[in-house]
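# Coordinates in review
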Protein chains: 2
Amino acid sequence: MVGGGALYEKLTTMMTSDHASVVSLNIFVALLCTCIVIGHLLEENRWINESITALLIGLCTGVLILFTTGGRSSHIMVFSEDLFFIYLLPPIIFNAGFQVKKKQFFRNFMTIMLFGAIGTLISFCIISLGAIHFFQKLDIGSLKIGDYLAIGAIFSATDSVCTLQVLNQDETPLLYSLVFGEGVVNDATSVVLFKAIQNFDLSHIDLTTALHLLGNFLYLFIASTVLGIFVGLLSAFIIKKLYFGKLIRHSTDREVALMILMAYLSYMLAELFSLSAILTVFFCGILMSHYTWHNVTESSRVTTKHTFATMSFIAEIFIFLYVGMDALDIEKWRFVSQSPRKSIGVSSLLLALILVGRAAFVFPLSFISNLSKKSQSEKIEFKQQVTIWWAGLMRGAVSIALAYNQFSKLGHTKLGENAIMITSTITVVLFSTVVFGLMTKPLVRLLLPSSKHIIISIPSPPSSPKSFSVPLLGNGEDDVGGNGPIQRPSRLRMLLRIPSHGVHHHWRKFDDSFMRPVFGGRGFVPYVPGSPL
Amino acid sequence: MVGGGALYEKLTTMMTSDHASVVSLNIFVALLCTCIVIGHLLEENRWINESITALLIGLCTGVLILFTTGGRSSHIMVFSEDLFFIYLLPPIIFNAGFQVKKKQFFRNFMTIMLFGAIGTLISFCIISLGAIHFFQKLDIGSLKIGDYLAIGAIFSATDSVCTLQVLNQDETPLLYSLVFGEGVVNDATSVVLFKAIQNFDLSHIDLTTALHLLGNFLYLFIASTVLGIFVGLLSAFIIKKLYFGKLIRHSTDREVALMILMAYLSYMLAELFSLSAILTVFFCGILMSHYTWHNVTESSRVTTKHTFATMSFIAEIFIFLYVGMDALDIEKWRFVSQSPRKSIGVSSLLLALILVGRAAFVFPLSFISNLSKKSQSEKIEFKQQVTIWWAGLMRGAVSIALAYNQFSKLGHTKLGENAIMITSTITVVLFSTVVFGLMTKPLVRLLLPSSKHIIISIPSPPSSPKSFSVPLLGNGEDDVGGNGPIQRPSRLRMLLRIPSHGVHHHWRKFDDSFMRPVFGGRGFVPYVPGSPL
């Protein structure tokens, strides 16, 4: 996001191939392998997930290094925002878009937008106001109004990565698409909010500034989405026109390479135009799975599906390992050790604000969303509302990256209040991921007992990049037409239903008559010699 | 390889996400896409290959940037040894090992070792002696004996990447395995030689130093191979024992992630122990394709095969684009423009030495190798010898990386003689890749007319990571037993035949009775539910 002088040091620490950094890379790669193996062995255990494993292994390694170096250093790589935002986040968000169940996602589009945009704004306001109100009493130094608003944005960013590991798209499709879709929009919203706070003059907030902020937010949202759609369609068009399949060799390599590179290009283009790269790459992923993926050869389909999933998988483990290892940085904790009570106070306060801030939008917005649904099965039950509330409490690498950006401009935490904010962020992330994360699986099992079924997947070449399994819950994908008794919709329901049913029908017609003939897609693929159709 | 102070600048130029570098990344990714598309469009043209396309596009972009910045800068990324040796080379060499036809490779093992090790030494001696003899007359400044020996090592490193693109494993299997196998051993030999030259005190060379060098070389060769074999077997063992296939979800992601990470780990471990990482990752690739690949699920097999090929493909194009863009760096050419005749003299001399140095070992060693072969079809004909000689004349990124290492210790080419050596290396690389590269395809077609057949591949899930196509030349893979008339082998033939026939038979027995039951492999895979066997 924002390059700084400190990056010189960070990147060279991280990337130069002198002996020390070769050692670091070795340890890191070996730890990644260990996480995968241990994560596999713990798969049977329904309480632990891979994120927590990686976080704990990272912490243990940090402790080990702390002892072996005699307390001088605890990390082999310093957390770098760039590494996170430029290399680790794109594959995760792209894969999420690529593998998302599109019908579920678009059917719940309005609800997702309500939760992701309005909900994040509510949470942001509550956390900011709470911080302004309570931090004065804790006497933690001179934070400016910009800092308080930044704290609101930092702690409104839910950890969609961890959420993905806890919920299962096949077991709880409605919840998954709501929580995950919200997570993506939420990431985008908090990053956009954060940028807006850093750019605007916040010494005097009035209606004009607020409207300006809102306009900026809408511009970023729409422009990012359009860019993602454009790049996705471009990739489909190029691959359809060039017709790689006819080639003798390299056709799969070329197709896969083009898809990977164009997905990455969409992310970097959004960064170039200062848009929300997360939103762009997410929509690029959706478009690619709808059009591009159907234009390539059979082996490219299997390869891209699993390659994107694997890249995302490695990036996720990398992030949690990284956060775990970085958490024990001595320098940051030196300030805190002088005033442990203050630090614990700040962390607990933030956790409480996160709990309240999320409750303050999940339950009211669920109520509003339910008003628009006609059938009982589409409504969000109270138990599901609790699950949505709980599943979004975890804070992760986005929060840490934003906190570093705001509170360690030069890579060092010289000021006491900055050190406290960084360590509090780490504490909140560790606590929420481990404690809330550990409790999520049992909670889901308790509240939604139908999801304890185990689905046996069939690892054969799939016909679509979606997961192989058949959803077990009642919300099947093909009942869009609606066979239930016809009810007269209320006015609010009419308003909110437009995007889900009417638009979807028109979209299907438009897609079949104009889009697919140009951009390919299922059923509109040219004959590829040698490809079993 | 060797970290330097200049890397601080290079890496930050390259990786920080301030606006300039986001622009660079965008241009670079867009150019990579362009190269793939143009490479596809030129596929029909048998003269051009993807490397040359990328090189030319890189040069054109360099010229464009030169004009738009008003002559201030011509490259958007400075060539970084680390980027090359740590991120771009490993996937290429690993993929080469993973996809190599193992039988062909091991059957010609002795010949490959002759060409790769002894041949490179001969070439190294001739180029070094030639440089010492002729450079004095050109008066290009004060080069030390170490510099001359380094020049020998730099220009003995053939470009195996470009070679791979020119020859085709399925059309000319014998030539491919010889030239490519030689390329891998040659890379390793020249890097080892180069390291040895930098480490040893070369002020007085005597027999002890020479023997020490030889011992060092043998140690590096054997240790690197053993490490590669060890990591490859470890990956097979872990994946076989853990039995990922039984899992409900993530099994393919886990398997693919483990294979990628362990392959990379083998490379980084070799760097850690200062071994030849190229050899290690090559043998790790061979072992993984022989054991590990058979232990994973069907979809993991398809995915790994194409993912490794794609990563290698992107890395190759990246390198050539990079070299093309870096070639026009103003600063380097400033010194040269003061003495253009001197620079042209050095470049031509080096090209001549490369031609002579390679001829000096290809023809004699082919003769020796032919003495050991009983059947006419196994012998290397004269036409094939010419092709081998020609196909190894190209110099590439390894040469450039080594030249930067030797002649620009601080990232700047302050001294006139250093600037001339860098620009001469770039000139040799550009000239040999473009001119020799362009002439290789027609030459192969002219000398070996049988290879003009076009093979239609069947892009269905393969049964082995080797290429799908059936080799057309007579050297089928299954005539190891030898059905020709029994001849009494000469003593030299006996000596050289041991590794190819006797050892292969014993190896097969050993493999079937001890190795495969432990490490898996074809026919020794546990039953995986859901995997079509």
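Every value quoted in this text rests on a predicted model; they were computed, and no experiment measured them.

## Side note on the overall build of chain A
- Scanning chain A from N- to C-terminus turns up 20 helices and zero strands.
- With 533 residues in all, chain A has 62% of them scored as buried.
- Intrachain contacts of chain A at a sequence separation of at least 6 include 84% that bridge at least 24 residues.
- Of the roughly 20,500 Å² of accessible surface on chain A, a fraction of 68% belongs to carbon and sulfur atoms.

## Some thoughts on helix α17 (residues 397-407) of chain A
- Counting buried positions along α17(A) yields eleven of eleven residues, so the element is predominantly enclosed.
- What α17(A) keeps buried is the set A:A397, A:V398, A:S399, A:I400, A:A401, A:L402, A:A403, A:Y404, A:N405, A:Q406 and A:F407.

## Side note on the packing of helix α7 (residues 145-156) of chain A against helix α18 (residues 416-447) of chain A
Residue and element names in this part refer to chain A.
- The geometry of α7 relative to α18 is characterised by a closest axis approach of 12 Å and an angle of 20° between their N-to-C directions. Judged by the inter-axis angle, α7 sits roughly parallel to α18. Crossing of α7 against α18: the hand is right-handed. Contacts between α7 and α18 involve I151, I154 and F155 on the former and, on the latter, M421, T425 and V428.

## Let's talk about the packing of aromatic side chains
- This structure, assessed with the given rule, holds 37 aromatic pairs over all chains.
- For the pair B:F98 and B:F308, a centre-to-centre distance of 5.0 Å together with 75° between the ring planes defines the contact as edge-to-face. Linking B:F98 in helix α4 (residues 81-99) with B:F308 in helix α13 (residues 298-326), this pair joins segments that are 210 residues apart in sequence. Of the two residues examined, B:F98 and B:F308, each falls in the buried class.
- An aromatic cluster of three or more residues is present, and its members are A:F363, A:F382, A:W389, A:W390, A:F431 and A:F436.
- Taking the ring centre of A:W293 as reference, the NZ or CZ of A:R301 above it sits at 5.9 Å.

## Some remarks on the nonpolar core
- Membership of the largest hydrophobic core comes to 307 residues, with the highest contact counts inside it found for A:F135, A:I151, B:F135 and B:I151.
- Sequence-distant contacts of A:I151, that is, excluding residues within four places in its chain, are made with A:I127, A:A131, A:F135, A:L143, A:L350, A:F407 and A:M421.

## A few points about the confidence of the model for chain A
All names here are of chain A.
- Here chain A averages 75 in pLDDT, while 74% of its residues score no lower than 70.
- By mean pLDDT, the top-scoring element of chain A is helix α11 (residues 251-272) (90), and the lowest-scoring one is helix α1 (residues 6-15) (38).
- Taken together, the stretch residues 451-489 has pLDDT below 50 and engages in 76 contacts with residues farther than four places along the chain or on a different chain.
- Confidence over residues 526-533 falls short of pLDDT 50; this stretch has 13 contacts with residues more than four positions distant or in other chains.
- Predicted as a complex, the structure gets a pTM of 0.79 and an ipTM equal to 0.78.

## Describing the environment of A:V37
- With respect to the element layout, A:V37 can be found in helix α2 (residues 19-41).
- Look at A:V37 and you get buried, because its relative accessible area is 18%.
- Not counting residues within four places of it along the chain, the set of residues in contact with A:V37 comprises B:I238, B:L242 and B:L258.

## Regarding unusual backbone geometry
Residue and element names in this part refer to chain A.
- With phi around 55°, S274 is a residue other than glycine that occupies positive phi space.
- By the secondary structure assignment, S274 is in the loop between α11 and α12 (277-295).
- Residue class for S274 comes out partly exposed when judged on its relative accessible area of 44%.

## Regarding the side chain of A:H290
All names here are of chain A.
- Mapping H290 onto the fold places it in helix α12.
- Reaching out from H290, the side chain makes a polar contact with the side chain of D511 at a distance of 2.8 Å.
- Apart from residues no more than four positions distant in its own chain, H290 is found in contact with K102, W507, D511, R516, G521 and R522.

## Topic: a nonpolar patch on the surface
- A cluster of nonpolar residues, A:L207, A:L211, A:L214, A:L218, A:I222 and A:V226, forms a patch on the protein surface that exposes about 600 Å² of accessible area.
- A residue is classified by how much of its surface remains accessible, and A:L211, at 53% relative accessible area, is exposed.

## Things to note about the packing of helix α3 (residues 50-68) of chain A against helix α13 (residues 298-326) of chain A
Residues and elements named next belong to chain A.
- Two elements in contact, α3 and α13, have axes whose closest approach is 7 Å; the angle formed by their N-to-C orientations is 40°. As summarised for this structure, α3 and α13 are arranged oblique, according to the angle between their axes. Crossing angle aside, the handedness with which α3 passes α13 is right-handed. Here E50, S51, A54, L55, I57, G58, L59, T61 and I65 of α3 lie close against α13, whose contacting residues are F313, I317, F320, L321, V323, G324 and M325.
- Of the residues in the contact of α3 with α13, the class split is eleven nonpolar, four polar and one charged.

## A short note on the environment of A:S299
- Structurally, A:S299 can be placed in helix α13.
- A:S299 sits 139 residues away from A:L438 along the chain, and the two C-alpha atoms are 38 Å apart.

## So, the pattern of salt bridges
All names here are of chain A.
- Summed over the entire model, instances satisfying the criterion amount to eight salt bridges over all chains.
- A salt bridge links E298 to R301, with the shortest nitrogen-to-oxygen separation between them at 3.9 Å. Here the residue E298 and the residue R301 both occupy positions in helix α13, the gap between them amounting to three residues, near one helical turn. Take E298 and R301: they sit in the same class, and that class is buried.
- If you follow the salt bridges from partner to partner, you end up with D511, D512 and R516 in one network.

## Details of the state of the cysteines
- Tallied over the full model, the rule gives zero disulfides over all chains.
- Here B:C35 stays unpaired: no disulfide links it, and the sulfur of B:C33, its closest cysteine neighbor, is 9.3 Å away.
- For the unlinked cysteine B:C284, the closest cysteine sulfur is that of A:C33, found at 11 Å.

## Quick notes on the environment of B:K373
- Here B:K373 lies in the loop between α15 (340-371) and α16 (382-391).
- Separated by 90 residues in sequence, B:K373 and B:F283 place their C-alpha atoms 26 Å apart.

Definitions and limits used
Residues numbered from 1 in each chain as written. Chains lettered and ligands numbered in written order. Predicted model: local features only at pLDDT ≥ 70, side-chain atom pairs only at ≥ 80, totals over all residues. Heavy atoms only, no water. Helix = DSSP H or I, 4+ residues; strand = E, 2+ residues; numbered from the N terminus. Buried < 20%, exposed > 50% of the residue type's maximum accessible area, 1.4 Å probe, protein only. Contact = heavy atoms within 4.5 Å. Areas by Shrake-Rupley, 256 points an atom, 1.4 Å probe, with all protein chains shown as cover. Axes fitted to C-alpha atoms, helices over the stretch in contact; angles between N-to-C directions. Parallel < 35°, antiparallel > 145°, perpendicular 65-115°, else oblique. Left-handed = near helix turned anticlockwise from the far one by under 90°. Phe/Tyr/Trp six-rings, centres within 6.5 Å; stacked < 30°, edge-to-face > 60°. Lys NZ or Arg CZ within 6 Å of the ring centre and 35° of its normal. Core = buried A, V, L, I, M, F, W, Y, C linked by side-chain atoms within 4.5 Å. pLDDT = per-residue confidence, 0-100. Polar contact = N/O pair within 3.5 Å; in protein donor to acceptor, adjacent residues only side chain to side chain. Patch = residues over 30% accessible without salt bridge, like charges linked within 9 Å, V, L, I, M, F, W, Y side chains within 5 Å. Salt bridge = Lys/Arg side-chain N within 4 Å of Asp/Glu carboxyl O. Nonpolar A, V, L, I, M, F, W, Y, C, P; charged D, E, K, R; others polar. Disulfide = S-S within 2.5 Å.

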